[in-house]
Amino acid sequence: MIRSSKKGFAFITIVYWFLLLYIIAALVWWFISLQQQNEMMYRFRFDELKKDDPAYIQKVENINDLKRRKDTQYIGEGSIFLLVILIGAVFVYRATRKQFRLSRQQQNFLMAVTHELKTPIAVTQLNLETLQKRKLDEQQHQKIISQTLEETSRLNELSNNILVSSQLEAGAYELNKQRINLSDLVKQCAANFSQRFPKRNLILSVLENIFCEVDDILFTMLVNNLLENAVKYSPAEKDIQLKLFSKDKKTWLLVADEGPGIPANERKRIFQRFYRIGSENTRKAKGTGLGLYLCKKIAEDHNGRIEVGDHTPNGTVFTVIF
Ligand code: ADP
């Protein structure tokens, strides 16, 4: 599907360049023929003059003047046409490229989401069948139950991401902002995180009693998405940091990991809907490209912003300031 969309874009690009060159060639041809016509008219008018005419010099001046004006008119009109065509061409090219990119990302998203939906459902079904058919000891029983819970909470997170992002995109989500203790919310996210990923070391630093007007559901999603990315994109043995503090009369939330980091040229695009770095063949981590788009929307809906930077010595830091 992706290959066919690439081919489609290549075909459109060829047609586009052909049409553009044709239009420019037609414009140049039009310009040359008008200039030739102007030249002919000039000669014709000149030949018509009689040398013994008392107004001869005045008439020559008039003819020269007319030719100059026509020259300027053709050059001026031609340049404006060329400029308009080039500006239009740039717009059309950019819009088409954007459209193709978006449709490719949507195809990727559909493939990813199908996979992400099917896996937890299949695992959950298998686990439930095992529990139904086999007598397991207590330890195995607990293991299967916690694995199933993990899969269902992944499913829940995924469907929330899809639902909320489409509602936010359509402007249909009604923000429910309330003054809450944000420090408690962040600590609760950290506790859930440690329960879900007991092997990951989370370094938590939360300034107590930061009260803010937030939509707690959205804010929990924001923190969870950033933490989940830190887990997905950094090695299992590396630490993850989660900080909440106040500075310059603003509240700062910071999530840092020690993964490979994000190249500078990708930092703007990672916040676009469905955007994922790399290609389907090179990507290892599962995902839909919705997480950071949601984080950005949520930060903006709380009159804030999200930034991405380098973590030292390596890794990524996401900072939400609001
Ligand atoms: P997803 O994780 O589902 O692919 P996101 O919108 O959350 O989508 O992230 C977009 C892309 O940004 C990811 O595909 C990944 O390449 C990159 N990214 C996000 N977080 C990190 C991180 N902590 N470290 C490195 N790369 C990241």
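Our subject is the structure that appears above.
Residues numbered from 1 in each chain as written. Predicted model: local features only at pLDDT ≥ 70, side-chain atom pairs only at ≥ 80, totals over all residues. Heavy atoms only, no water.

Asks: Would you mind going over the packing of aromatic side chains with me for this structure?
Replies: Two descriptors summarise a pair of aromatic rings, namely the distance from one centre to the other and the angle between the planes of the rings. Counted by the stated rule, this structure contains 9 aromatic pairs. Look at Phe219 and Phe322: their rings are 5.1 Å apart centre to centre, the planes differ by 55 degrees, and that puts the pair in the tilted class. Residue Phe219 is located in helix α5 (residues 216-232), and its partner Phe322 is located in the segment after β7 (316-321); the two are separated by 103 residues in the primary sequence. Of the two residues, Phe219 and Phe322, both sit in the buried class. Residues Phe245 and Trp252 carry aromatic rings whose centres are separated by 5.9 Å and whose planes lie at 15 degrees to one another, so their mutual orientation is stacked. We classify Phe245 as partly exposed; its relative accessible area is 23%. (Phe/Tyr/Trp six-rings, centres within 6.5 Å; stacked < 30°, edge-to-face > 60°. Helix = DSSP H or I, 4+ residues; strand = E, 2+ residues; numbered from the N terminus. Buried < 20%, exposed > 50% of the residue type's maximum accessible area, 1.4 Å probe, protein only.)

Asks: How should the packing of helix α3 (residues 138-170) against α5 be read in this particular structure?
Replies: Between two packed helices, what matters for the description is the angle formed by their axes and the separation of those axes. Here α3 crosses α5 at 120 degrees, and the two axes come no closer than 12 Å. When the axis of α3 is compared with that of α5, the two are oblique. Judged by the twist between their axes, the crossing of α3 over α5 is left-handed. Residues Glu157, Asn160, Asn161 and Val164 of α3 form the contact with α5, whose participating residues are Leu218, Met221, Asn224, Asn225 and Glu228. (Axes fitted to C-alpha atoms, helices over the stretch in contact; angles between N-to-C directions. Parallel < 35°, antiparallel > 145°, perpendicular 65-115°, else oblique. Left-handed = near helix turned anticlockwise from the far one by under 90°. Contact = heavy atoms within 4.5 Å.)

Asks: Explanation requested: the site of the ligand in the structure shown.
Replies: With respect to spatial proximity, 18 residues lie near the ligand, and among them Tyr233, Asp257, Arg276, Thr288 and Leu292 are the closest. A distance of 2.5 Å separates an oxygen atom of the ligand from a polar atom in the side chain of Arg276. The cavity where the ligand resides is the largest pocket. Residue assignment for the shell around the ligand shows that the elements contributing at least two residues are α5, α6 (291-301) and β7. Counted by class, the shell around the ligand contains 8 nonpolar, 7 polar and 3 charged residues. (Near = heavy atom within 4 Å. Polar contact = N/O pair within 3.5 Å; in protein donor to acceptor, adjacent residues only side chain to side chain. 1 Å grid on protein atoms, 1.4 Å probe; cavity = no way out; pocket = protein on both sides within 12 Å on 5 of 7 lines; lining within 4 Å. Sits in = over half its atoms within 2 Å of the grid points. Nonpolar A, V, L, I, M, F, W, Y, C, P; charged D, E, K, R; others polar.)

Asks: Hey, could you run me through the pairing of strand β4 (residues 240-247) in this one?
Replies: Two faces belong to every sheet, and in a regular strand the side chains alternate between them. Bridge count for strand β2 (residues 202-206) against β4 is 5 bridges, and the pairing is parallel. Its bridge partner being in β4, Ile203 is matched across the sheet by Gln241. As defined by bridge partners, β4 adjoins strand β5 (residues 250-256) across 7 bridges and the pair is classed as antiparallel. Directly across from Ser246, in β5, lies its bridge partner Thr251. (Pairing = 2+ DSSP bridges.)

Asks: Which parts of the structure should I look at to understand the pattern of salt bridges?
Replies: In a structure, side chains of opposite charge can pair up when their charged atoms sit close to one another. Counted by the stated rule, this structure contains 15 salt bridges. Here Arg68 ties to Asp65 by a salt bridge, and the two come within 3.6 Å at their closest N and O atoms. Residue Arg68 and its partner Asp65 are located together in helix α2 (residues 56-133), separated by 3 residues, close to a single helical turn. Taking the relative accessible area as the measure of exposure, Asp65 reaches 33% and is therefore partly exposed. (Salt bridge = Lys/Arg side-chain N within 4 Å of Asp/Glu carboxyl O.)

Asks: Before we go on, may I ask you to explain a nonpolar patch on the surface in this structure?
Replies: Together, Phe11, Ile12, Val15, Phe18, Leu19, Tyr22 and Ile23 make up an exposed nonpolar region whose accessible area comes to about 710 Å². Within the secondary structure, Tyr22 is located in helix α1 (residues 2-48). Taking relative accessible area as the criterion, Tyr22 reaches 55% and is therefore assigned exposed. (Patch = residues over 30% accessible without salt bridge, like charges linked within 9 Å, V, L, I, M, F, W, Y side chains within 5 Å. Areas by Shrake-Rupley, 256 points an atom, 1.4 Å probe, with all protein chains shown as cover.)

Asks: When you look at the sheet that holds strand β6 (residues 305-310) in this model, what are you seeing that I'm missing?
Replies: Strands in a sheet are paired, the pairing made by backbone hydrogen bonds, and the direction either parallel or antiparallel. Taken in spatial order, the 5 strands of this open sheet run β2-β4-β5-β7-β6, and their pairing is mixed. Pairing within the sheet leaves two strands with one partner each, and these edge strands are β2 and β6. The sheet shows a mean angle of 15 degrees between the axes of neighbouring strands, taken without regard to direction. As defined by bridge partners, β5 adjoins β7 across 5 bridges and the pair is classed as antiparallel. Note on β7: the bridge partner recorded for Leu254 is Thr319.

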